[in-house]
Amino acid sequence: MIRISGVDRTYAGDRVPSVEALENVCLDIKKEEFVSLVGPSGCGKTTLLKIIAGLYRPTRGQVWIEGTTITAPRKDIGLVFQRPILLPWRTVLQNVMLPVEVLRLESERFRRRALDLLSVMDLGEFKDHYPHQLSGGMQQRVAIARALTHDPAILLMDEPFGSLDAMTREALNLELLRIWGATQKTILFVTHSITEAILLSNRVAIMSQRPGTIIEVVGIDLPFPRTLGMMSSPSFGEYAATIRALLETRS
């Protein structure tokens, strides 16, 4: 589904030294797979996500989606950022419908889809509320619904639960797993949390310090559906120890 081959990204400034953010990043992601990306702060995780989304161009290397080189943003990609970035003057439903308006899709058809998504997110009764009337967790669920409204094949998520409290974060982890199971999207998920990455993923890709590169990809052989109780199992602990050791030895 996604092929990342030899990707470098260097930020050059007129009055400051250039910064090499990524170096020779290679990663293949299969259709309907859930892959998490973990690594130290500043290693280029967000930069890589933006390259895949077509928002940045790599300095070297290429990214393909189903055999097509990425040169610009695509309609079949949904983005979820660390903060919900909802428009405060629009209702929940109006925020979720924003991609439909931007892409000039059939309004009535996708309005029904938006309402269905809000129902799935347990937000149906809040469709006419405004963002300031929602909790942080509810706002992030709106952002996920917005990213899914135009039915993209790929979902790119940049630390979407990083600013939430632990209980809300765990609840949304389970919600995301349920949504992934129901929609069969291909998901690339950036996180600083090793336990979150293990709980959610088929595989965890580990990045080095800047310039970031993929140093190892760890397959997570835990059964689905995943539960929070799995985090106390010996196998979960072994995965966490393996990933932590890789991060420490290559940081």
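## Quick notes on the nonpolar core
Residues I198, I206 and I243 are the most contacted members of the largest nonpolar core, which totals 51 residues. Those residues in contact with I198 that lie beyond four places of it in its chain are V204, I220, L222, R226, F236, Y239, A240 and I243. Core analysis: the second largest hydrophobic core is formed by 28 residues, I4, I52, A205 and M207 among them.

## Describing the environment of I85
Secondary-structure assignment places I85 in the loop between β6 (77-80) and α2 (92-96). On the basis of relative accessibility, which here comes to 54%, the residue I85 falls in the exposed class. In the structure, I85 is positioned 125 residues away from R210 in sequence and 27 Å away in space, judged by C-alpha atoms.

## Section: the layout of surface pockets
Volume-wise, the largest pocket comes out at about 500 Å³. Secondary structure elements with two or more residues in the lining of the largest pocket: β6, α3 (98-102) and α5 (136-148). Its residues assigned to classes, the lining of the largest pocket shows 13 nonpolar, two polar and three charged.

## Observations regarding the sheet that holds strand β3 (residues 34-38)
In spatial order, the strands read β6-β7-β8-β3-β9-β10; together these six strands make up an open sheet with mixed pairing. The open sheet has two edge strands, β6 and β10 (214-219), and neither has a second partner. Averaged over all neighbouring strand pairs, the angle between strand axes comes to 15°, with direction disregarded. Of the pairings in the sheet, the one linking strand β9 (residues 203-207) to β10 comprises five bridges and is antiparallel in character. Counterpart to R203 in the pairing with β10 is G219. Helix α1 (residues 45-52) rests against β3, β6, β7 (154-158), β8 (186-190) and β9 of the sheet, and its axis sits at about 155° to β7. The strands touched by helix α8 (residues 234-249) are β3, β9 and β10; relative to β10, the strand with the most contacts, the crossing angle is about 175°.

## Some remarks on helix α6 (residues 166-183)
If you check α6, its first and last C-alpha atoms are 25 Å apart, about what 18 residues at 1.5 Å a residue would give, namely 26 Å. Every buried residue of α6 is listed here: R169, L172, N173, E175, L176, L177, I179 and W180. The secondary structure elements touched by the buried residues of α6 are β3, α4 (107-120), α5, β7, β8 and α7 (194-200). Looking at where α6 begins, the residue whose side-chain oxygen comes 3.2 Å from the main-chain nitrogen of M167 is D165. Looking one or two residues beyond α6, the residue adopting positive phi is Q184, at roughly 55°.

## Focus: the packing of aromatic side chains
Under the definition given, this model contains five aromatic pairs. Judged by centre distance (5.5 Å) and plane angle (85°), the ring pair of F34 and W180 falls under edge-to-face. Remark: W180 occurs in helix α6 and F34 occurs in strand β3; sequence separation between them is 146 residues. Their ring planes at 45° and their centres at 5.9 Å tell us that F34 and F189 sit as a pair that is tilted. Placement of F34 in strand β3 and of F189 in strand β8 is noted, with a sequence separation of 155 residues between them. Comparing F34 with F189, the two get one shared label, buried. In textbook terms, an aromatic cluster arises when at least three aromatic residues are bridged by ring pairs, as seen for F34, F161, W180, F189 and F224. Above the face of the F224 ring, R226 is positioned so that its terminal group lies 3.9 Å from the ring centre.

What counts as what
- Residues numbered from 1 in each chain as written.
- Predicted model: local features only at pLDDT ≥ 70, side-chain atom pairs only at ≥ 80, totals over all residues.
- Heavy atoms only, no water.
- Core = buried A, V, L, I, M, F, W, Y, C linked by side-chain atoms within 4.5 Å.
- Buried < 20%, exposed > 50% of the residue type's maximum accessible area, 1.4 Å probe, protein only.
- Contact = heavy atoms within 4.5 Å.
- Helix = DSSP H or I, 4+ residues; strand = E, 2+ residues; numbered from the N terminus.
- 1 Å grid on protein atoms, 1.4 Å probe; cavity = no way out; pocket = protein on both sides within 12 Å on 5 of 7 lines; lining within 4 Å.
- Points joined across faces, edges and corners; volume = space filled by probe spheres on them.
- Nonpolar A, V, L, I, M, F, W, Y, C, P; charged D, E, K, R; others polar.
- Pairing = 2+ DSSP bridges.
- Axes fitted to C-alpha atoms, helices over the stretch in contact; angles between N-to-C directions.
- Expected span 1.5 Å × (residues − 1).
- Polar contact = N/O pair within 3.5 Å; in protein donor to acceptor, adjacent residues only side chain to side chain.
- Phe/Tyr/Trp six-rings, centres within 6.5 Å; stacked < 30°, edge-to-face > 60°.
- Lys NZ or Arg CZ within 6 Å of the ring centre and 35° of its normal.

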